[in-house]
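In case you want the letters, here they are:
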Amino acid sequence: MKALVTGGAGFIGSHLVDRLLRNGCDLIVLDNLSTGRLENLSDSGSSRCVKFHKVDVADLEAILPLFQGVDWVFHLAALADIVPSIQKPMEYHRSNVGGTVSVLEASRKSGVKRFIYVASSSCYGIPDIYPTPETEPARPQYPYAFTKYVGEQYVMHWGKVYKLPVVSLRLFNVFGPRSRTSGTYGAVFGVFLAQKLNNLPYTVVGDGAQTRDFTFVADVVNACIIAASSDLCNEVLNVGSGQTHSINKLVELLEGDVVYIPKRPGEPDRTHADIAKVRSLLGWEPEVSFEEGVNILLENIDYWREAPVWTPETISVATMDWFNYLGR
Ligand code: UDP
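Being a predicted model, the structure only gives us computed values, none of them experimental.

Observations regarding the pairing of strand E2 (residues 26-31)
- Counted residue by residue, E2 has five buried out of six residues, so it is predominantly covered.
- Pairing between strand E1 (residues 2-6) and E2: five bridges, direction parallel. Considered in E2, the bridge of Thr6 is made with Leu30.
- Where E2 lies against strand E3 (residues 50-54), five bridges are found, and the strand directions are parallel. In the strand pairing of E3, Ile28 is matched with Lys51.

Description of the environment of Gly36
- With respect to the secondary-structure elements, Gly36 resides in the loop between E2 and E3.
- What makes Gly36 buried here is its relative accessible area of 13%.
- A C-alpha to C-alpha distance of 30 Å links Gly36 and Val258, two positions 222 residues apart in sequence.
- Dropping the residues within four chain positions of it, Gly36 is found in contact with Ala9, Gly10 and Asp31.

Structural notes on the environment of Met320
- Relative to the assigned elements, Met320 resides in helix H12 (residues 320-326).
- By relative accessible area, Met320 is classed as partly exposed at 44%.
- Put simply, Met320 and Ser107 are 213 residues apart on the chain and 40 Å apart in space, counted from C-alpha to C-alpha.

Describing the site of the ligand
- The ligand sits among 14 residues. The nearest are Asn173, Tyr185, Val188, Thr203 and Arg212.
- For the ligand, an oxygen atom lies 2.9 Å from a polar atom in the backbone of Val205.
- Here an oxygen atom of the ligand and a side-chain polar atom of Gln210 are 3.0 Å apart.
- A total of 520 Å² of accessible area belongs to the ligand in isolation, and the protein chains cover 90% of it.
- For the shell around the ligand, the secondary structure elements donating two or more residues are helix H6 (188-197) and strand E8 (202-205).
- Grouping the amino acids of the shell around the ligand by side-chain chemistry returns eight nonpolar, three polar and three charged.

Considerations on helix H7 (residues 217-229)
- For H7, which comprises 13 residues, the first-to-last C-alpha distance of 18 Å matches the rise-based estimate of 18 Å (1.5 Å per residue) to within 8%.
- Of all 13 residues in H7, 10 are buried; the element is thus mostly enclosed.
- Among the residues of H7, those classed as buried are Val217, Asp219, Val220, Val221, Asn222, Ala223, Cys224, Ile225, Ala227 and Ala228.

As for the nonpolar core
- With 69 residues, the main nonpolar core has Leu16, Leu20, Leu27, Phe74, Leu169 and Phe192 as its most contacted residues.
- No other element matches H7, which puts eight residues into this core.
- If you look at the next biggest cluster of nonpolar residues, it comprises 25 residues, including Val57, Leu66, Phe67 and Leu164.

A short note on the sheet that holds E3
- Here we have seven strands laid out as an open sheet, ordered E3-E2-E1-E4-E5-E6-E11, and parallel in their pairing. The strands lining the two open edges of the sheet, one partner per strand, are E3 and strand E11 (235-239). The sheet shows a mean angle of 20° between the axes of neighbouring strands, direction not considered.
- As paired elements, E1 and strand E4 (residues 72-75) share four bridges and run parallel to each other. Looking at the pairing, Ala3 lines up with Trp72 of E4.
- Sheet strands in contact with helix H1 (residues 11-22) are E1, E2, E3, E4 and strand E6 (166-171), and its direction is about 170° off that of E1.
- Along the sheet, H7 contacts E4, strand E5 (114-120), E6 and E11; its crossing angle with E5, the most-contacted strand, is approximately 145°.

The rules behind the values
- Residues numbered from 1 in each chain as written.
- Predicted model: local features only at pLDDT ≥ 70, side-chain atom pairs only at ≥ 80, totals over all residues.
- Heavy atoms only, no water.
- Buried < 20%, exposed > 50% of the residue type's maximum accessible area, 1.4 Å probe, protein only.
- Helix = DSSP H or I, 4+ residues; strand = E, 2+ residues; numbered from the N terminus.
- Pairing = 2+ DSSP bridges.
- Contact = heavy atoms within 4.5 Å.
- Near = heavy atom within 4 Å.
- Polar contact = N/O pair within 3.5 Å; in protein donor to acceptor, adjacent residues only side chain to side chain.
- Areas by Shrake-Rupley, 256 points an atom, 1.4 Å probe, with all protein chains shown as cover.
- Nonpolar A, V, L, I, M, F, W, Y, C, P; charged D, E, K, R; others polar.
- Expected span 1.5 Å × (residues − 1).
- Core = buried A, V, L, I, M, F, W, Y, C linked by side-chain atoms within 4.5 Å.
- Axes fitted to C-alpha atoms, helices over the stretch in contact; angles between N-to-C directions.

Printed below as a string of structure tokens:
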């Protein structure tokens, strides 16, 4: 089996590469290294079965030859994070929409057998129903969520019109080793682990009672591979733990002091996946509990030594546009 992973030097992508390699696949890894890190491929990159290409997925001419003979495509390359997506919507459009169309076209022209799109549960915005099923309407609150959702629409359209065998997986709050450490203010784990290493208080948003469906990266990798191995086509599936845990609970597990910072506009008080569909159509089950996942992170905490360290003051500056644009 020959698999191609876009965004393969990123957090989730690199775990997927490791697993596919262990499963005996030949691998083509594409990443422009804008946020991905070659260090994430240190376990797999030296294998003769892995070919890494530093390339931008939006450049169809450059990527097309790399799809020759590929069976499975996993499309994870994307720009993440909320604030930069508000500040640079064109870049997000180019990467997350243009990049997706380009990868779809390369896949179609190369006759790939399976196309798995890694979508985001942020498309639900602030949903009416919890646990949230796939039938809830999309109400993206900011350009990152919007562009990932538009990308998903393209994927489903290519499935319908060109019969590309597509599946879209809407991931809920993925966490695990190698979650991103770049300069941008982003996902809670990177922020808190760097604060822990520097003996600084955790910057808890609001009262910390808000909850998230934290999903461990190894479970997400399982879902990607089960989806690729199946015959399922043209389906959108939630991939979450099916549980929801508060930020206060996370702080309790990490141990340490807390400082409270203001609640942000457009942030849901809860995310919680209804995973009945993925269970029944793919037979996938989450296996790693929140507590186990947090322990694995703590065992790997050294990874965040280079991560930026955030304080209430620097977060206030970094999130100014968030309040300016979404607060109205
Ligand atoms: N969060 C927090 N402090 C931070 C960053 C995030 O308390 O410095 C909270 C945030 O309010 C949210 C949760 O952690 O409830 C997850 O945030 P993240 O940005 O990781 O994911 P998202 O909000 O996009 O689901």
